[in-house]
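Fold and geometry: a report
Given next are the chains, with one letter for each unit.
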Amino acid sequence: MDAALLLALGLLAQIKSDKQQAGGVIYSIQGPGVDEEPQGVFSIDKFTGRVFLNALLDREKTDRFRLRAFALDLGGSTLEEPTDLEIVVVDQNDNRPVFRQEVFTGQVLEGAVPGTLVTRAEATDADDPETDNAALRYSILEQGGPQLFSIDALSGDIRTVQVGLDREVVAVYNLTLQVADMSGDGLTATASAVITLQDVNDNAPEFTGEEFFLEAAEAVSGVDVGRLEVEDRDLPGSPNWAARFTILEGDPQGHFAIRTDPRTNEGVLSVVKPLDYESCERYTLKVAVQNEAPLQAAAPRAERGQARVSVQVRDVNEPPVFRENPLRASLAEGAAPGTPVATFSARDPDTRRPQRLSYSKDYDPEDWLHVDGATGQVQTQRVLSPASPFLKDGWYRAVILAQDDASPPSTATGTLSIEILEVNDHAPELSPPWGSLCSAPDQGSGLLLGATDEDLPPHGAPFHFQLSPRVPELARNWSLSPVNVSHARLQLRHQVQEGLYRLSLLLRDSGQPPQQREQPLNVTVCRCGQDGTCLPGAAALRAGGAGISLGALVIVLASVILLLLLALLVALLARSRQQSWDKGLLHGLQDDLRDNILNYDEQGGGEEDQDAYDMDQLRHPEELAALSAPLGRPLMRRDAPFGRARPQAPRALPTSPTDIADFILDGLEAADSDPSVPPYDTALIYDYEGDGSVAGTLSSILSSLGDEDQDYSCLQDWGPRFARLADLYGPP
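Let me begin by describing the structure that accompanies this report. (Residues numbered from 1 in each chain as written. Predicted model: local features only at pLDDT ≥ 70, side-chain atom pairs only at ≥ 80, totals over all residues. Heavy atoms only, no water.)

**Considering the overall build of the protein chain**
- A count of helices and strands for the protein chain gives nine helices and 42 strands.
- Here the protein chain, with 732 residues, has 36% of them falling under the buried criterion.
- Contacts in the protein chain between residues at least 24 apart in sequence constitute 64% of all its contacts with a sequence separation of at least 6.
- Approximately 43400 Å² of the protein chain is accessible, and the part contributed by carbon and sulfur atoms is 52%. (Helix = DSSP H or I, 4+ residues; strand = E, 2+ residues; numbered from the N terminus. Buried < 20%, exposed > 50% of the residue type's maximum accessible area, 1.4 Å probe, protein only. Contact = heavy atoms within 4.5 Å. Areas by Shrake-Rupley, 256 points an atom, 1.4 Å probe, with all protein chains shown as cover.)

Quick look at the structure:
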């Protein structure tokens, strides 16, 4: 089966079978564009075998179709094998080229050499790249000035073509690019290229003037004097533009400094060390400027890279200056009023206009010092207490002012630090001034003596202990030997009689000059045991070792006797007052029997009753159980015979709050019927009225269960005070 391609009115091809006569064959096709997507593009005449194009083809979507053609007889049987039919879509220039981006950007250093690559422009074309339909060519339509850039027609590379790129002249170039297919003769498209020139330091900074005139006040520092203006054509804010200033001449003492204002690029001249008008009225500085970045070798040198700066010093009234500040002085403690301390004088730096200085105190917390207003001489005006809170580590601080007489005046402040030197003005003291030792020299280790001194080193230890030279006989029985710098040991040379001895010791310190004091020492000599300590029988003797003299003992005894007399007097007064009160009470008892009972006021049985019942046993029954029989005999009232006491059976304690009421009621009933315990039904328990009462106990009135059990006939015999009770309870 043959296939032929035809180009006429949609006719693409015709197939024909050699196996059958014309009119006896049926043709069909299958594949993409027929019964597969995209369907309906192709069709065939089943009797003639002609293949037709039914729709427009787009090569950019499908560049070829592969179909299969079939030949069948009229009965539907296959006449021969299927034939492949390939339809190739021929490209047409129906697509314009397209740049990959609308704007291309590039950067290049100013002054770059010709041929320097700046950027690349790229475009695409959807047509067949194997044909001229996609053969692209690049060109520059417009540069906006001299022809400084070129573009490669095939690659699209943009390069510099000549020297003369100057950022200070033109910083940005805008190019119009074009691309065309058909090797430059077909369809076209355009785009832009923005080329920025990068700055290089090809311009040196320059001062705007050759000389600057400024003014500065004397005696101040850290202030700005003025600004030095410069100009630079390089990119502002870049290291090629930033200026750096240097003082070349005219400031040997370093009074000035220059810094750069990063916003304006100006040089700011400031005073860093105070100026002195009297020393120099005017300064002439030579200042240079340059950039942070190094200047290009080919760049022209600056014409005004240096300038002269004249600074006029303005005279002001300067404060006085102390010749030595702070001033330190030394003074012995306890210095008398009027003792010179120091002369804290100052000078006036304003030598061209003489002025008078005056001195005064600004800080003297103890008001210890006096300052001469004309000379600045300082002296004490009273004695400084060593316990002053303003004396820190032996130093006293005061503040002195010096002031000139200008208008307005200026004042200087000076610090005066005075060291208080320690003076040896205290003699050492025994601590303690008593002790005891054994009567036998071979027993014990002797008596260890110590000393203290109120003075600070080096006016204290080491101390020297010595038996008083005024009493030479002490050396026959006693001896002193040093132990360390603050202690010595007293020992007996031979055995002496027991008793209290009063020795006289001489103590001397190590100060300059040394201080000494003769002091008494009370020593108790006692009989000692094997361990070297005093035996108990020597207690009376040791009492003397406490340092109590005979006069002190007499005073103590007199005080004790006086206290005893005062106590006796108070007791007599109290007894007299009690008798008077009792008489008044008995008189009142005749009016009302109830007053007699309430005013008796002996709760718990009175002074002679030591067995009163404790009411806490009712409030805390659990404690009663804990303190039961093993602690002693049962508590009883004194008016109840011991033989009548009946032992009570142990009762279980309440286990919950609801049982407490029953527990108390049972206890009350048992107590009222038991004479061996006090009654619980009264707030005042008149438990016992004392021994020897013929009336028994009044508590039986309350504790009895019935009046018929009591015999009150004896009330008639008690006198008129009990007449009312006899009427109430006695027989009719």
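So much for the structure itself; the text now carries on.
**Structural notes on the state of the cysteines**
- One pass over the structure, following the stated rule, counts two disulfides.
- For Cys 438, the disulfide goes to Cys 528, at an S-S distance of 2.0 Å. The S-S bond linking Cys 438 to Cys 528 shows a torsion near -100 degrees; that makes this disulfide left-handed. Here Cys 438, found in strand β36 (residues 434-438), pairs with Cys 528, found in the loop between β42 (516-526) and α2 (539-544); they are 90 residues apart in sequence, far enough to count as distant. (Disulfide = S-S within 2.5 Å.)

**A look at the sheet that holds strand β21 (residues 243-249)**
- Across the sheet, which stays open at both edges, the four strands sit in the order β18-β25-β24-β21 with mixed pairing between neighbours. Of all the strands in the sheet, the pair left with one neighbour each is β18 (211-217) and β21. The mean inter-strand angle of the sheet, taken between neighbouring strand axes irrespective of direction, is 35 degrees.
- Pairing of strand β24 (residues 282-291) with strand β25 (residues 306-314), which is carried by seven bridges, proceeds in the antiparallel orientation. In the sheet register, Val 287 faces β25, and the bridge partner there is Ala 307. (Pairing = 2+ DSSP bridges. Axes fitted to C-alpha atoms, helices over the stretch in contact; angles between N-to-C directions.)

**Some thoughts on the sheet that holds strand β9 (residues 103-109)**
- Spatially, β9-β16-β15-β12 is the arrangement adopted by the four strands of the open sheet, whose pairing is mixed. Edge strands, defined here as strands with exactly one partner in the open sheet, are β9 and β12 (137-142). Adjacent strand axes in the sheet meet at a mean angle of 30 degrees when their direction is disregarded.
- Across nine bridges, strand β15 (residues 172-180) lies against strand β16 (residues 188-198) in antiparallel orientation. Bridging from a neighbouring strand, Leu 175 pairs with Ala 193 of β16.

**A few points about a nonpolar patch on the surface**
- Judged by side-chain polarity, Leu 562, Leu 563 and Leu 566 come together as a nonpolar surface patch covering roughly 310 Å² of accessible area.
- Locating Leu 562 in the fold gives a position in helix α3 (residues 550-589). (Patch = residues over 30% accessible without salt bridge, like charges linked within 9 Å, V, L, I, M, F, W, Y side chains within 5 Å. Salt bridge = Lys/Arg side-chain N within 4 Å of Asp/Glu carboxyl O.)

**What to know about the nonpolar core**
- Core analysis: the biggest nonpolar cluster contains 25 residues, and Val 341, Trp 368, Leu 369, Leu 416 and Ile 418 have the highest contact counts within it.
- Going through the elements one at a time, β27 (327-332), β28 (340-343), β31 (369-371), β33 (395-403) and β34 (411-421) are the ones with two or more residues in this core.
- Dropping the residues within four chain positions of it, Leu 369 is found in contact with Val 341, Lys 361, Asp 364, Val 378, Gln 379, Thr 380, Gln 381, Tyr 396, Ala 398, Leu 416 and Ile 418. (Core = buried A, V, L, I, M, F, W, Y, C linked by side-chain atoms within 4.5 Å.)

**Some remarks on the pattern of salt bridges**
- Going through the model one piece at a time under the given rule, you end up with 20 salt bridges.
- Across the salt bridge formed by Glu 86 and Arg 66, the nearest N and O atoms sit 3.4 Å from each other. Of this pair, Glu 86 sits in strand β7 (residues 83-88) while Arg 66 sits in strand β6 (residues 64-73), and the two are 20 residues apart along the sequence.
- For Glu 86, a relative accessible area of 37% gives the class partly exposed.
- Between Asp 367 and Lys 361 there is a salt bridge, and its shortest N-O distance comes to 3.0 Å.
- Overall, Lys 361 belongs to the partly exposed group, its relative accessible area being 31%.
- What you see here is one network of salt bridges that share partners, running through Arg 64, Arg 66 and Glu 86.

**Let's talk about the side chain of Asn 522**
- Among the structural elements, Asn 522 can be located in strand β42.
- A polar contact is formed between the side chain of Asn 522 and the side chain of Arg 502, at a distance of 3.2 Å. (Polar contact = N/O pair within 3.5 Å; in protein donor to acceptor, adjacent residues only side chain to side chain.)

**A few points about the pairing of strand β40 (residues 487-492)**
- Alternating positions in β40 separate cleanly, Ala 488, Leu 490 and Leu 492 being buried on one face and His 487, Arg 489 and Gln 491 remaining unburied on the opposite face.
- Bridge analysis of strand β37 (residues 447-452) against β40 gives four bridges, and the strand direction is antiparallel. Residue Gly 450 lies in a different strand from β40, and its bridge partner there is His 487.
- Bridge count between strand β39 (residues 478-482) and β40: five bridges; the pairing is antiparallel. Directly across from Ser 481, in β40, lies its bridge partner Arg 489.
- Taken together, β39 and the strand that follows it, β40, pair antiparallel across an intervening segment of four residues.

**Quick word on the packing of aromatic side chains**
- All chains considered together, the criterion is met by 10 aromatic pairs.
- Centre to centre, the rings of Phe 256 and Tyr 283 are 5.3 Å apart; their planes meet at 75 degrees, and the pair counts as edge-to-face. Highlighted residues: Phe 256 in strand β22 (residues 256-260) and Tyr 283 in strand β24, separated in sequence by 27 residues.
- Under the relative-accessibility criterion, Tyr 283 is labelled buried at 11%. (Phe/Tyr/Trp six-rings, centres within 6.5 Å; stacked < 30°, edge-to-face > 60°.)

**Overview of the side chain of Glu 266**
- Looking at the element boundaries, Glu 266 is found in the loop between β22 and β23 (267-271).
- Given a relative accessible area of 17%, Glu 266 falls into the buried group.
- Reaching out from Glu 266, the side chain makes a polar contact with the side chain of Arg 227 at a distance of 2.9 Å.
- Aside from chain neighbours lying at most four places away, what touches Glu 266 is Arg 227, Leu 228, Glu 229, Phe 245, Arg 259, Thr 260 and Asp 261.

**Considering the environment of Pro 319**
- In this structure, Pro 319 sits in the loop between β25 and β26 (321-322).
- Among the residues examined, Pro 319 registers a relative accessible area of 35% and is labelled partly exposed.
- Along the sequence, Pro 319 and Asp 404 sit 85 residues apart, while their C-alpha atoms lie 7.3 Å from each other.
- Setting aside its immediate chain neighbours within four residues, Pro 319 contacts Pro 349, Ser 410 and Thr 411.

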